[in-house]
Amino acid sequence: NELVFGGVSGLSIIVSKFITIDASTFIMIASLLLLVVSFLVLGKNDTKASIVGSILFPIFVNLTSFLSKYVSFNQSEMLLVAIFGGLLQGVGAGLIFKAGFSTGGTDILNMIISKKLKIGMGQAMIFTDGTIVLLGFFAFGFNKLMYALIVLYLVTWAMDRVLLGISDAKAFYIITKKDKEVKEYILKEMKHGVTKFEATGGYKDKDQNVLMSVIPTKEYYRFKEGIHLIDPDAFFVVTDAYQVFGGE
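Residues numbered from 1 in each chain as written. Predicted model: local features only at pLDDT ≥ 70, side-chain atom pairs only at ≥ 80, totals over all residues. Heavy atoms only, no water.

Peer 1: I'd like to hear about a nonpolar patch on the surface, residue by residue, with values.
Peer 2: Taken together, L32, I51, V52, I55, L56, I59, F60, L63, I96 and F101 make up a surface patch of nonpolar side chains, about 800 Å² in accessible area. Top element by residues in the nonpolar patch is helix α3 (residues 44-63). It accounts for seven residues. By the element assignment, V52 lies in helix α3. For V52, a relative accessible area of 43% translates into the label partly exposed. (Patch = residues over 30% accessible without salt bridge, like charges linked within 9 Å, V, L, I, M, F, W, Y side chains within 5 Å. Areas by Shrake-Rupley, 256 points an atom, 1.4 Å probe, with all protein chains shown as cover. Salt bridge = Lys/Arg side-chain N within 4 Å of Asp/Glu carboxyl O. Helix = DSSP H or I, 4+ residues; strand = E, 2+ residues; numbered from the N terminus. Buried < 20%, exposed > 50% of the residue type's maximum accessible area, 1.4 Å probe, protein only.)

Written out as structure tokens, the structure reads:
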């Protein structure tokens, strides 16, 4: 459907528009070349995790290509293609990464760029996938770009859900002048544990106490409103707590 959202597969879609080459063949050639580059630049250990994905992915692209003859979508149904394609891609990639493997392809390129330019993997992914998405825009136009961005977001979202799980708890970090009252509220009314530790503000170098408590997500709004009633000026940061173990 000409949706280019990065990776060697996205590059194969662009190339096949201008050159008569099967997408799976291009993916296989590019993946094998990148494996060789990975072995030369990153070494044997970093390359091992990419071998299986680099070989199997183009094979299964080829084996499932006949489905496009029987499953077709109108232009008005492209949003469904983007949603379901993105979710399936994200779940699949998440399962691969969770097992300690890699899909190969531009993942190898990202690792090389990250190592050589001394930047994070996230920045390397933005550079490589961003370049491929931009090429897709020039090849297929603005409408396909917008759908591709939807796919890219859903891939990332679904992959994070598989790798991290769905958060069923929230961690509160609270700075308040009424830390004793807030602590009593957490312990006695909310019936949750709380940890108190000392911190120093970076701007004024002022010592202050920070309260940390982990609560079920369903109690988030009650917890937040309770703190606000005690101290309307309280400062707090809330993060997802994907796994909580131990403690009393």
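Peer 1: Which residues make up the sheet that holds strand β4 (residues 235-240), and what are the values?
Peer 2: The antiparallel open sheet is built from four strands, whose spatial order is β2-β3-β1-β4. At either margin of the open sheet sits one strand with a lone partner, and together these are β2 (195-200) and β4. The sheet shows a mean angle of 25° between the axes of neighbouring strands, taken without regard to direction. In this structure, strand β1 (residues 169-175) lies alongside β4, joined through six bridges in antiparallel fashion. Residue pairing in the sheet places A171 in a bridge with T239 of β4. Sheet strands touched by helix α8 (residues 179-189): β1, β2 and β3 (207-216). Its angle to β3, the strand with the most contacts, is close to 15°. The strands that helix α9 (residues 220-230) touches are β1, β3 and β4; relative to β1, the one it contacts most, it runs at about 10°. (Pairing = 2+ DSSP bridges. Axes fitted to C-alpha atoms, helices over the stretch in contact; angles between N-to-C directions. Contact = heavy atoms within 4.5 Å.)

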